Amino acid sequence: MRIIRVRHKGQAFYASIVSPESVRPLNRDNGQSEEIPLAELELLSLVRPSKIVCVGLNYLDHARELGLAVPEEPVLFLKPPSAVIGAGDAIILPASSGQVDYEAELALVMGRTARFISEDDAARHIFGYTCANDVTARDLQKKDGQWTRAKGFDTFCPVGPWVETDPGDLGSLTLRTVVNGEVRQEGSTAEMIFPPHLLVSYISNIMTLLPGDVILTGTPAGIGPLAAGDEVSVEIDRVGFLLNPVISQALGDPTNVQ
Ligand code: MG
């Protein structure tokens, strides 16, 4: 099932996509379940997380391309909720960075509060799966020595376009980044070091995961830069296709070199 978040007649709710033209509401108080035409709906941001927990170096091929040792435990960092944008929204290249990279990632969206969850119990706490782009100012990541600024700019967390509740085997998904129609990054979740259910368990033993929280599970080999005017998509088989244009920060900024 593919799920989006919408507003209809002043009420915000999740709905399943039943055709290219219509959706069916989920969990509405009034119990209505009739189809609603997409034309009558306002599309809302897919997720409103309290936090976005990200995993660094979670693919063997990516660790190899960076010449780094394979981590013994998941390497975690956070992106701020204010970085989230949806499908079609613009990624804005900040004037303070000279190299902004794409990173295609499988994202998990939490459905239930999770605290001290075992790996076996992870699945029932996950709402579903979606595409994410862990946009990163690579030069600032190296300069700062930690990642808050490099990963935290507004628009640096495209997520969407829908939540897929049942993508099948999580260990055999192909991820791609396509820039201006050209495949730039391709990998498989088979290369993941710490798989999704282990990550949910590991993170839930550190911090409480709330419904709507998002986990970015790391990127495969093949990261590379974006430029103003690009169109970048993250494509994951059986999950979705997330397209975003790339623009530079406000014209007229004298520090803007894009
Ligand atoms: Mg990443």
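Residues numbered from 1 in each chain as written. Predicted model: local features only at pLDDT ≥ 70, side-chain atom pairs only at ≥ 80, totals over all residues. Heavy atoms only, no water.

(A) The overall build of the protein chain, seen in detail. When helices and strands are tallied, the protein chain shows 4 helices and 20 strands. In terms of C-alpha radius of gyration, the protein chain reaches 18 Å, essentially the compact-globule figure of 18 Å for 258 residues. Summarising its shape, the C-alpha atoms of the protein chain cover approximately 55 × 50 × 30 Å along the three principal directions. Residue burial in the protein chain is summarised as follows: out of 258 residues, 51% are buried. (Helix = DSSP H or I, 4+ residues; strand = E, 2+ residues; numbered from the N terminus. Rg over C-alpha atoms; globule rule 2.2 N^0.38 Å. Buried < 20%, exposed > 50% of the residue type's maximum accessible area, 1.4 Å probe, protein only.)

(B) How the structure looks around the sheet that holds strand β20 (residues 240-248). Pairing is mixed in the open sheet, where 5 strands are placed in the order β9-β20-β19-β15-β16. One side of each edge strand has no neighbouring strand; the edge strands of this open sheet are β9 (91-93) and β16 (182-188). Sheet twist, expressed as the average angle between the axes of neighbouring strands with direction ignored, equals 20 degrees. Across 6 bridges, strand β19 (residues 231-236) lies against β20 in antiparallel orientation. Bridging from a neighbouring strand, Ser233 pairs with Leu243 of β20. (Pairing = 2+ DSSP bridges. Axes fitted to C-alpha atoms, helices over the stretch in contact; angles between N-to-C directions.)

(C) How the structure looks around the pairing of strand β3 (residues 22-25). Pairing geometry for strand β2 (residues 11-19) and β3, over 4 bridges, is antiparallel. Bridge assignment links Ile17 to a residue of β3, and that residue is Val23. Joining the antiparallel neighbours β2 and β3 is a turn of 2 residues. Where β3 lies against strand β4 (residues 36-37), 2 bridges are found, and the strand directions are antiparallel. Residue pairing for β4: Val23 is matched across the bridge by Ile36.

(D) Representation of the nonpolar core in the model. Membership of the largest hydrophobic core comes to 24 residues, with the highest contact counts inside it found for Leu106, Met110, Val200, Leu209, Ile215 and Ile236. When residues of this core are traced back to their parent elements, those giving at least two are β11 (104-110), β12 (126-133), α4 (196-204) and β19. Ranked by residue count, the leading element in this core is β11, at 4 residues. (Core = buried A, V, L, I, M, F, W, Y, C linked by side-chain atoms within 4.5 Å.)

(E) Inspection of the confidence of the model for the protein chain at higher detail. Per-chain confidence: the protein chain averages 93 in pLDDT, with 94% of residues scoring 70 or above. A low-confidence stretch, residues 252-258 stays under pLDDT 50, and its non-local contacts, those more than four residues away or across chains, total 10 contacts. (pLDDT = per-residue confidence, 0-100. Contact = heavy atoms within 4.5 Å.)

(F) Focus on the sheet that holds strand β18 (residues 224-225). What the 3 strands build is an open sheet, ordered β13-β10-β18; its pairing is antiparallel. In this open sheet, the two strands that pair with only one neighbour each are β13 (136-137) and β18. Judged from the 2 bridges that link them, strand β10 (residues 100-102) and β13 form a sheet pairing that is antiparallel. Counterpart to Asp101 in the pairing with β13 is Thr136.

(G) Summary view of the side chain of His125. Mapping His125 onto the fold places it in the loop between β11 and β12. When residues no more than four places from it in sequence are discounted, the contact partners of His125 are Met110, Gly111, Arg112, Thr113, Ala114 and Ile117.

(H) Here's a closer look at the environment of Val109. In this fold, Val109 is placed in strand β11. Note on Val109: relative accessible area 1%, which makes it buried. Sequence separation of Val109 and Val47 is 62 residues, and the distance between their C-alpha atoms is 7.9 Å. When near neighbours in sequence (up to four residues on either side) are disregarded, Val109 contacts Val47, Ile126, Phe127, Gly128, Thr130, Val163, Gly212 and Asp213.

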